[in-house]
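One letter stands for each residue in the lines below.
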Protein chains: 6
Amino acid sequence: MPYVNIKVTGGREAPTAEQKAELIRGVTELLGRVLNKNPATTVVVIDEVDMDNWGIGGRSVTEIRKGS
Amino acid sequence: MPYVNIKVTGGREAPTAEQKAELIRGVTELLGRVLNKNPATTVVVIDEVDMDNWGIGGRSVTEIRKGS
Amino acid sequence: MPYVNIKVTGGREAPTAEQKAELIRGVTELLGRVLNKNPATTVVVIDEVDMDNWGIGGRSVTEIRKGS
Amino acid sequence: MPYVNIKVTGGREAPTAEQKAELIRGVTELLGRVLNKNPATTVVVIDEVDMDNWGIGGRSVTEIRKGS
Amino acid sequence: MPYVNIKVTGGREAPTAEQKAELIRGVTELLGRVLNKNPATTVVVIDEVDMDNWGIGGRSVTEIRKGS
Amino acid sequence: MPYVNIKVTGGREAPTAEQKAELIRGVTELLGRVLNKNPATTVVVIDEVDMDNWGIGGRSVTEIRKGS
């Protein structure tokens, strides 16, 4: 019954459909293996966050990628 | 003062503006009725999640809808 | 397959187990009625937030309740 | 190491890239000043929420802005 | 730079510190392997949710575990 | 109408009630100053996360603090 939310940068860094399917499969297996959680009710939601909208170290990823 | 976040699948399964208004009204009434919460400060945020980005049972909704 | 998160104040304002069960039932029915979502995979998570940890209008609920 | 999520209305009310950078800088400084948190690992994610998808007082922001 | 939030049932079903460390390690490795994300800035937050506060199928986990 | 969620480590690193009030006031002012948002409907929720439940770099904060 776990619920997992994964946030990654989107735009030109967005994962492909195949990569997203692999994340969903991987994290569902991890919860089954470590905590014996039932995969059938494990929910995963992936959010792709625009690089202007993600900050770390006080700067947006857009600024960081520019090396500004 | 409650805060409610509702996540549903988007894309071709996305709710209409009318359905979203009905969810906002319904959940605000529910919190008023059950917990006597003030509707004026009840906040509701609806997220529409792409079918590639939502997983259950280890597969994305895109894969599930295909019957793959 | 919807996922709903409800945040309300906790502590002495916390809902009872019966009220929480009623919120879970009510919001699951709402999503079934408005969007035809399958109740079996509708997930609801309720968070009870300490009154020191919730702010509105720039003040914590603890301060607001004191009328300070 | 803090994580901050800021949700604001999007669409024609969406903040500019400059305003988002200022929010990221401001909240990172706030956490450094108040809690002595290391800016290098402070993460900020801004979500822009469609006005149909945000409700307060039982109505969507779209309805509120119309004065309906 | 990914951010991952994992919600599982708590109380007598709560994971041990070792299991939580294994989830953190596992999901960080998964994001490194699938998306080449830097482990150093991958953040994981685990929430343990009381069984009264988690619902699926319109009932709380407390009710489900009782078989009521 | 913004909604802000701030997650910080809890336990012996938990902020005091005064520090939490200062975060609430500071982030509400920031949103008023940068985006002209109405403080009266700005909601802030602070989550204190157990050090076993927070991971960065593939390790829990508990392990990191031990220098293990």
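Under the annotation held in an unreviewed UniProt entry, chain A carries the name Tautomerase and is attributed to Phaeovibrio sulfidiphilus. Checking UniProt for chain A, the heading Sequence similarities (unreviewed entry) contains the comment "Belongs to the 4-oxalocrotonate tautomerase family."

> Where do I start with the arrangement of the chains in this structure?
At the C-alpha level, the nearest point of chain B lies 13 Å from chain E, with no contact between them. Between chain A and chain F there is no contact, and the shortest C-alpha to C-alpha separation is 13 Å.

> Whenever I open this one, the side chain of F:Thr42 confuses me. Can you help?
Residue placement: F:Thr42 occurs in the loop between α1 (17-35) and β2 (43-49). A distance of 3.1 Å separates a polar side-chain atom of F:Thr42 from the backbone oxygen of F:Asn38. Beyond its immediate chain neighbours, meaning those up to four positions away, F:Thr42 contacts C:Gly55, C:Ile56, C:Gly57, F:Met1, F:Pro2, F:Thr28, F:Leu31 and F:Lys37.

> Help me understand the environment of C:Ile24, please; the structure alone is not making it clear to me.
By the element assignment, C:Ile24 lies in helix α1 (residues 17-35). Judged by relative accessible area, which is 0%, C:Ile24 ranks as buried. The spacing of C:Ile24 and C:Val4 is 20 residues in sequence and 9.2 Å in space, taken between C-alpha atoms. The contacts of C:Ile24, once residues within four sequence positions are left out, are C:Val44, C:Ile46, E:Asp52, E:Trp54, E:Gly55, E:Gly58, E:Arg59 and E:Ser60.

> Quick question: what am I supposed to make of the side chain of A:Lys37 here?
Mapped onto the secondary structure, A:Lys37 falls in the loop between α1 (17-35) and β2 (43-49). No salt bridge is formed by the buried A:Lys37, whose closest oppositely charged neighbour, E:Glu13, lies at an N-O distance of 4.4 Å. One polar contact links A:Lys37 to E:Thr9, side chain to side chain, over a distance of 3.3 Å. Excluding residues within four positions of it along the chain, A:Lys37 makes contact with A:Pro2, A:Leu31, A:Gly32, A:Thr42, E:Val8, E:Thr9 and E:Glu13.

> Quick question: what am I supposed to make of the interface of chain E and chain A here?
By convention, interface size is frequently given as the accessible area that disappears when the constituent parts associate. In this assembly, 27 residues from chain E lie in contact with 27 residues from chain A. Counting the surface lost from both chain E and chain A, the interface buries some 2,200 Å², and carbon and sulfur atoms represent 73% of this. E:Arg33 is the partner of A:Glu22 in a salt bridge, and the nearest nitrogen-oxygen pair spans 3.7 Å. In this assembly, chain E and chain A are joined by seven residue pairs in polar contact (both at pLDDT 80 or more). Mapped by element, the contributors of at least two residues to the side of chain E that touches chain A are β1 (3-9), α1 (17-35), β3 (54-56) and α2 (61-66) of chain E. Ranked by residues supplied to the side of chain E that touches chain A, first place goes to α1(E) with 10 residues. Among the residues forming the side of chain E that touches chain A, the class breakdown is 16 nonpolar, five polar and six charged. Sheet analysis places strand β1 (residues 3-9) of chain A next to β1(E), joined by five bridges and oriented antiparallel. Paired with A:Asn5 across the bridge in β1(E) is E:Asn5.

The rules behind the values
- Residues numbered from 1 in each chain as written.
- Chains lettered and ligands numbered in written order.
- Predicted model: local features only at pLDDT ≥ 70, side-chain atom pairs only at ≥ 80, totals over all residues.
- Heavy atoms only, no water.
- UniProt positions renumbered as here; feature names shortened; annotations may be inferred.
- Contact = heavy atoms within 4.5 Å.
- Helix = DSSP H or I, 4+ residues; strand = E, 2+ residues; numbered from the N terminus.
- Polar contact = N/O pair within 3.5 Å; in protein donor to acceptor, adjacent residues only side chain to side chain.
- Buried < 20%, exposed > 50% of the residue type's maximum accessible area, 1.4 Å probe, protein only.
- Lys, Arg positive; Asp, Glu negative; His and termini not counted.
- Salt bridge = Lys/Arg side-chain N within 4 Å of Asp/Glu carboxyl O.
- Buried area = accessible area lost by both parts, 1.4 Å probe.
- Nonpolar A, V, L, I, M, F, W, Y, C, P; charged D, E, K, R; others polar.
- Pairing = 2+ DSSP bridges.

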